[in-house]
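Observations on chain architecture
Here is what each chain is made of, one letter per residue.
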Amino acid sequence: MKWTGLNELREKFLEFFESKGCLRLPSFSLVPKDDNSLLLINSGMAPMKKYFTGEVTPPRKRVTTCQKCIRTPDIERVGITARHGTFFEMLGNFSFGDYFKHEATAWAWEFFTKVLEMPPEKLYVSIYEDDDEAFDIWTKEVGVDPSHMVRLGKEDNFWEHGSGPCGPCSEIYFDRGDEKGCGRPDCHVGCECDRFVEVWNLVFTQFCKEEDGSYSNLDHPNIDTGMGLERITSIIQEGETNFDTDLFLPIIHAAEELADVKYAEDKMAYRVIADHIRTVTFALSDGAMFDRAGRGYVLRRILRRAVRYGKNIGIDKPFLYTLVDVVVDNMKEFYDYLPEKAEFVKEAVKKEEVAFHKTLSQGEKKIKDVIAHSDNKVIDGSTAFMLYDTYGFPLELTIEIAEESGFTVDSEGFQVEMKAQQDRARAARGERESMASQKIDLMDFTTPSTFVYDT
């Protein structure tokens with residue numbers, strides 16, 4: 001296993017699966033097309049759902065992609081853990097009724113052990129607890145040592161989403177060694193520590209879950225496999241975390257030049273900034289924009305969080321827009337459309353930063369004043385709503401700031417205030433089909449408590 005740069009790693013994966021007869025498709029836009037179920041594309045297979053359901057005929061039955069993705073449910077963990085991020089690239093290979101378990105497993109193992117030269121003794125494989133077929137394929141055909149096989153339950157190794165196509169999963173883990181473990185004698189694959197890192201997920205879509213909860217066999221089973229570029233890069237480059245690689249370090253070093261403290265002194269702040277500016281740069285380049293609701297709300301929340309962490313390392317002026325060029329330079333070899341979008345993105349980011357800086361200091365002073373005079377370590381719902389409505393603080397940001405001081409936020413009280421505001425707006429609006437009413441209806445669907453950022 002030798003050090004390999006991000007662009008070479010990405011290309012090696014795509015070339016490998018092209019050699020297996022897969023058609024290489026470019027990444028789909030982060031803004032979903034003809035799919036109202038998602039605000040932003042959140043997985044490698046998401047843009048190809050209609051290929052899997054049969055609504056649309058795929059250009060070929062074998063496909064490989066490197067798909068841009070954004071996920072935000074774990075945004076508060078970005079910078080804290082080794083692997084969480086909001087923007088990531090998912091390397092995938094897919095079969096629409098063509099190859100299945102035998103090929104998918106063999107090719108995954110070949111790519112890791114032959115192309116990337118990863119030592120087999122460092123690799124472990126999990127399967128769904130009842131999938132004896134997968135166990136036999138991995139051990140008898142692929143040659144995985146049975147002692148490196150782990151059976152996990154439905155929660156971990158079975159993919160389904162309501163009724164419809166579903167199936168067991170199989171995951172490949174890399175053992176980073178005892179020094180990365182939790183120290184418990186029973187540390188094993190599936191442990192929450194940083195020793196065993198899941199780097200490849202193979203979904204064997206072979207069943208259909210019926211409305212009554214029963215399962216039937218699909219006539220044409222499918223394959224959906226994915227590997228996060230950030231994770232495999234950290235393994236190959238032996239980075240302490242995903243952030244200690246050539247995916248993030250150029251951004252981190254550029255931010256260091258603007259800050260009062262170095263990366264080693266406040267790693268979380270730098271990691272949040274590096275992750276979030278990548279997210280914003282790619283989302284804006286794909287047509288998303290900052291807004292008060294929907295995907296625009298998600299982006300605004302991400303940018304404002306990065307601005308606040310910039311203040312933590314001594315950057316008290318708009319700066320994120322200056323990092324856009326670093327992201328573009330680092331990623332343009334594969335995403336060649338980025339340079340032509342750079343100026344537009346920088347202008348949009350700077351405008352949003354300037355606007356937020358005007359209210360950030362006032363809002364933080366208000367929160368700190370509330371904290372200083374509180375007897376019960378709770379920020380009440382009306383105060384949280386005032387911060388949202390007056391200072392533009394998303395509820396999540398208020399919660400994050402409060403938690404740093406050991407406080408909680410009355411989220412239910414916040415929602416009561418939000419609902420009251422919406423009711424007032426409805427009472428005041430005129431004609432049902434007016435633009436104002438449409439905006440209120442959209443807010444009904446996308447208020448922070450009710451809409452799901454990712455599914």
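A brief report on the enclosed structure follows. On a predicted model such as this, the values are computed, not experimentally measured, just so you know. (Residues numbered from 1 in each chain as written. Predicted model: local features only at pLDDT ≥ 70, side-chain atom pairs only at ≥ 80, totals over all residues. Heavy atoms only, no water.)

1. Structural notes on the nonpolar core
If you look at the biggest cluster of nonpolar residues, it comprises 114 residues, and the most contacted ones within it are Phe-112, Trp-138, Trp-200 and Leu-320. If we ignore the near neighbours within four places in the chain, the residues touching Trp-200 are Phe-13, Phe-17, Asn-93, Ala-108, Phe-111, Phe-112, Ser-170, Glu-171, Ile-172, Thr-225, Gly-226 and Met-227. (Core = buried A, V, L, I, M, F, W, Y, C linked by side-chain atoms within 4.5 Å. Buried < 20%, exposed > 50% of the residue type's maximum accessible area, 1.4 Å probe, protein only. Contact = heavy atoms within 4.5 Å.)

2. Examining the packing of aromatic side chains
Applying the stated criterion to the full structure yields 29 aromatic pairs. For the ring pair Phe-52 and Phe-94, a centre distance of 6.2 Å and an interplane angle of 75 degrees mean the geometry is edge-to-face. Separated by 42 residues along the polypeptide, Phe-52 in helix H2 (residues 49–53) and Phe-94 in strand E3 (residues 87–96) bring together distant segments of the chain. Through successive ring pairs, a cluster of aromatic residues spans Phe-13, Phe-16, Phe-17, Tyr-99, Trp-107, Phe-111, Phe-112 and Trp-200. (Phe/Tyr/Trp six-rings, centres within 6.5 Å; stacked < 30°, edge-to-face > 60°. Helix = DSSP H or I, 4+ residues; strand = E, 2+ residues; numbered from the N terminus.)

3. Brief notes about unusual backbone geometry
For residues that are not glycine, phi is negative in most cases, and the peptide bond is trans in most cases. Residue Glu-117 is not a glycine yet carries a positive backbone phi of 55 degrees. The topology assignment puts Glu-117 in the loop between helix H3 (101–115) and strand E4 (123–128). A positive phi angle is found at Lys-377, which is not glycine, with a value near 55 degrees. Its location among the elements puts Lys-377 in the loop between helix H11 (338–372) and strand E10 (378–379).

4. What about empty space enclosed by the protein?
Under the criterion given, the structure shown has 3 cavities of 30 Å³ or more. Its volume calculated, the largest cavity comes out at about 60 Å³. Sorting the residues of the lining of the largest cavity by element identifies helix H9 (294–312) and helix H13 (395–404) as the ones contributing at least two each. Taken together, the residues of the lining of the largest cavity break down into 3 nonpolar, no polar and 6 charged. (1 Å grid on protein atoms, 1.4 Å probe; cavity = no way out; pocket = protein on both sides within 12 Å on 5 of 7 lines; lining within 4 Å. Points joined across faces, edges and corners; volume = space filled by probe spheres on them. Nonpolar A, V, L, I, M, F, W, Y, C, P; charged D, E, K, R; others polar.)

5. Considerations on the side chain of Asn-7
Tracing the backbone through its elements, the reader meets Asn-7 in helix H1 (residues 6–18). For Asn-7, the side chain forms a polar contact with the side chain of Glu-333, separated by 3.4 Å. Discounting chain neighbours no more than four positions away, the residues touching Asn-7 are Asn-330, Glu-333 and Phe-334. (Polar contact = N/O pair within 3.5 Å; in protein donor to acceptor, adjacent residues only side chain to side chain.)

6. Points about the pattern of salt bridges
In a structure, side chains of opposite charge can pair up when their charged atoms sit close to one another. Inspection of every chain in the model, using the stated rule, returns 30 salt bridges. For Asp-286, the salt bridge is made with Lys-68, and the minimal N-O distance between the two is 2.8 Å. Pair noted here: Asp-286 is in the loop between helix H8 (267–285) and H9 and Lys-68 is in strand E2 (residues 62–70), with a separation of 218 residues, a long-range link. Taken together, the salt bridges that share partners define one network made up of Glu-11, Glu-18 and Arg-24. (Salt bridge = Lys/Arg side-chain N within 4 Å of Asp/Glu carboxyl O.)

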